[in-house]
Amino acid sequence: MKLVVLAGTPGSGKTSVLIHAARSLIRYGLRPAVVKIDCLWTEDDRRFERLGIPVAVGLAKDMCPDHYSIYNVDEMLEWASSQEADLLLNETAGLCLRCAPYPDRCLAVCVIDVTTGPNAPLKVGPLLTTADVVVVTKGDIVSQAEREVFRERILEVNPGCRIVEANGLTGKGAAELAELIRDGPEASDDMHLRHNPPLAICTLCAGELRVSKRHHRGVLRHLDGFMEYSGE
Amino acid sequence: MTTDRACTLTIIGGVDKDGSPDLVERLEMHRGEVIGIVGPTGSGKSSLIADIEQFAVGDTPSGRKILIDGCEPRAETRSDPRKKLIAQLSQNMHFLADMSVDEFLRMHAKSRGRSPDVAERVIELANTLTGEPVHPDHHLTILSGGQSRALMTADIAVISDSPIVLIDEIENAGIKKREALDLLTGEGKIVVVVTHDPMLALMTSRRVVMKNGGMVRVIETSPGEQKVCEDLAKVDDWLMDLRETIRRGEVVGAAT
């Protein structure tokens, strides 16, 4: 079973790009299945269903959606096998840009939208820097020079990645992405994350609602970067 | 630096908006040639330019194929700007990048594998095309339409030194269009220009007529049309002079 983990900034066109790529994959004779992870609500599964491929939805609810994707990978792979798929496309709902939900044995795809400006690649973090393929969308809205500057910024933070210029409306770039997916790695039952998730060890993680440091324990980072341990 | 590449650009016809085949089945363009694309709004001019820009391999709505020297370009030629054969001046001239003109040009030069020092020359050339001078410290997002287009034209001439240049409706920007075209045509480039402008259309050697998304006809520019183009150039110079006179706050005299 091949595994593709597709992440990206909200509104960047992840679903549209993936739908076009899935169409190309079907043309190549592959049998993709899709798992869409979202936080609270989604109807993207209906868009995938129109392609006639198996689709499942996972809602993370009050869990971090990336953590939820990560520890559910085996369940997703088992489900895809039961659907007789040979390829699992996992679209994630990454939001805080601190996690990267990519296991080592997958094709890690990051979708990013060129209208976020040339400084955006510097802000996205491991989601972008540990991806194998970076899909750049909405390039038709800016000049060629700005697209090229954006591309240069991506290569500054992830020199080894393959960049695909795509358009979620016209399907441009979908065939190229589908080829990369077709040639991507097989998942295994012993996979590790490429990047460590953030420290989640303060009392907010345990449900404390009050604001201000005096109510919180654990490792706390001050605005000036100083880290303290508060507690016993 | 790029003159030994891309001798022939070929468009293999696809289909129009109704799925009927292009009446122009095959179109070859050679180095040093300026080709026009004409037709009413919505007739598919920009789509044809987009097909060329992304080296379509039957994967766009038109189903057209683009060949360079008779072959399909490799994937990395399609995407890596250092190997890119195409420079494009598009209708989308508003910048979203939150940086200064100088910083942007330096970064663009780097992405094309050129020395960042060319930024100065780009600004100098841009200022020969527009009446409103561009300054290196200007923020990109405050540039006017004319300034943006002048800057991008100079950028293509200096930084994006590609053998194929695609121009989409240069006339809408209030820049000196004949100088701009001269700057872009450079030596031995293939220049494709989408235009409604009679002078620009007649400056080409041939023009493709678009209708309902399809390529329907190719017209060679006749000697008669070339004569009309020369007359238009005089009118155009006059208009530019008037524009500058009015911009300087002076009074316009009678036509001579």
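Remember, it's a predicted structure, so these values are computed and weren't measured experimentally.

**Student:** Can you walk me through the overall build of chain B in this structure?
**Tutor:** Counting its regular elements, chain B contains eight helices and nine strands. Across the 256 residues of chain B, 41% fall into the buried class. In chain B, once contacts between residues fewer than 6 apart in sequence are set aside, the share between residues at least 24 apart is 70%.

**Student:** Would you mind going over the nonpolar core with me for this structure?
**Tutor:** Nonpolar side chains tend to gather and get buried jointly when the protein is soluble and globular. Within the largest apolar cluster, 121 residues are counted, with the highest numbers of intra-cluster contacts made by V4, L88, V109, C110, V135 and L177 of chain A. Looking at this core element by element, the count peaks at seven residues for helix α5 (residues 145-158) of chain B. What V135 of chain A contacts, discounting residues up to four positions off in sequence, is V17, V109, V111, V164, A166, G173 and L177 of chain A.

**Student:** How should the packing of helix α1 (residues 14-27) of chain A against helix α8 (residues 174-182) of chain A be read in this particular structure?
**Tutor:** Packed helix pairs are characterised by how far apart their axes lie and by the angle those axes make with each other. Residue and element names in this part refer to chain A. Contact pair α1 / α8: the axes reach a minimum separation of 8 Å and the direction vectors enclose 65°. With respect to α8, the axis of α1 lies roughly perpendicular. Handedness of the crossing formed by α1 with α8: right-handed. In this structure, α1 contributes V17, H20, A21, R23, S24 and L25 to the contact, and α8 contributes A174, A175, L177, A178, I181 and R182. Class assignment for the residues of the contact of α1 with α8 results in eight nonpolar, two polar and two charged.

**Student:** Would you explain unusual backbone geometry in this entry?
**Tutor:** All names here are of chain B. Positive phi, normally seen in glycine, also occurs at D69, with a value near 50°. In this fold, D69 is placed in the loop between β4 (65-68) and α2 (75-79). A residue is classified by how many C-beta atoms lie within 10 Å of it, and D69, with 11 of them, is exposed. Its identity as a non-glycine residue notwithstanding, N212 has a phi of 50°, on the positive side. Tracing the chain through its elements places N212 in the loop between β8 (206-211) and β9 (214-220).

**Student:** Which parts of the structure should I look at to understand the domain arrangement of chain A?
**Tutor:** Accessible area lost on assembly of the parts is the figure often given for the size of an interface. Split by domain assignment, chain A resolves into domain 1 (2-182) and domain 2 (199-232). Here the C-alpha centroids of domain 1 of chain A and domain 2 of chain A sit 33 Å apart.

**Student:** Just to check I follow, could you spell out the sheet that holds strand β1 (residues 2-8) of chain A for this structure?
**Tutor:** Sheet strands line up and pair through hydrogen bonds in the backbone, either parallel or antiparallel. Residues and elements named next belong to chain A. Ordered in space as β3-β2-β4-β1-β5-β6-β7, the seven strands form an open sheet in which the pairing is parallel. The open sheet has two edge strands, β3 (55-59) and β7 (162-165), and neither has a second partner. The mean angle between the axes of side-by-side strands here comes to 20°, regardless of whether they run parallel or antiparallel. Pairing of strand β2 (residues 32-38) with β3, which is carried by five bridges, proceeds in the parallel orientation. Its bridge partner lying in β3, V35 is registered against A56. The strands touched by helix α4 (residues 73-82) are β1, β2, β3 and β4 (87-91); relative to β4, the strand with the most contacts, the crossing angle is about 135°.

**Student:** What am I meant to see in α5 of chain B here?
**Tutor:** The α-helix winds at 3.6 residues per turn, so residues separated by three or four positions along the chain end up facing the same way. Helix length check: α5 of chain B, at 14 residues, gives a terminal C-alpha distance of 20 Å against a target of 20 Å (1.5 Å per residue), a fit within 8%. The element α5 of chain B is extensively covered by neighbouring structure, given that twelve of its 14 residues are classed as buried. Where α5 of chain B is concerned, the buried positions are Q147, S148, R149, A150, L151, M152, T153, A154, D155, I156, A157 and V158 of chain B. Of the surrounding secondary structure, the elements contacted by the buried residues of α5 of chain B are α7 (144-157) of chain A together with β5 (86-89), α3 (101-111), α4 (119-126), β6 (164-168) and α6 (177-185) of chain B.

**Student:** How should I be thinking about the sheet that holds strand β3 (residues 34-38) of chain B in this particular structure?
**Tutor:** Residue and element names in this part refer to chain B. With respect to topology, six strands assemble into an open sheet ordered β5-β6-β7-β3-β8-β9, the strand pairing being mixed. Edge positions in the open sheet fall to β5 and β9, since each of these has one partner strand only. The mean angle between the axes of side-by-side strands here comes to 20°, regardless of whether they run parallel or antiparallel. Across four bridges, the pairing between β3 and strand β7 (residues 190-194) is parallel. What sits directly across from V34, in β7, is V191.

**Student:** Help me understand the interface of chain A and chain B in this model?
**Tutor:** The partner chain B presents 25 residues to the 20 residues of chain A that form the contact. Contributing elements (two or more residues each) for the side of chain A that touches chain B: α7, β7 and α8 of chain A. The greatest single-element share of the side of chain A that touches chain B, amounting to seven residues, is contributed by α7 of chain A. Here the residues of the side of chain A that touches chain B sort into seven nonpolar, six polar and seven charged.

Rules used in this analysis
Residues numbered from 1 in each chain as written. Chains lettered and ligands numbered in written order. Predicted model: local features only at pLDDT ≥ 70, side-chain atom pairs only at ≥ 80, totals over all residues. Helix = DSSP H or I, 4+ residues; strand = E, 2+ residues; numbered from the N terminus. Buried ≥ 20, exposed ≤ 12 C-beta atoms within 10 Å, placed from the backbone. Contact = placed C-beta atoms within 7 Å. Core = buried A, V, L, I, M, F, W, Y, C linked by C-beta atoms within 7 Å. Axes fitted to C-alpha atoms, helices over the stretch in contact; angles between N-to-C directions. Parallel < 35°, antiparallel > 145°, perpendicular 65-115°, else oblique. Left-handed = near helix turned anticlockwise from the far one by under 90°. Nonpolar A, V, L, I, M, F, W, Y, C, P; charged D, E, K, R; others polar. Domains from an automatic or database assignment. Pairing = 2+ DSSP bridges. Expected span 1.5 Å × (residues − 1).

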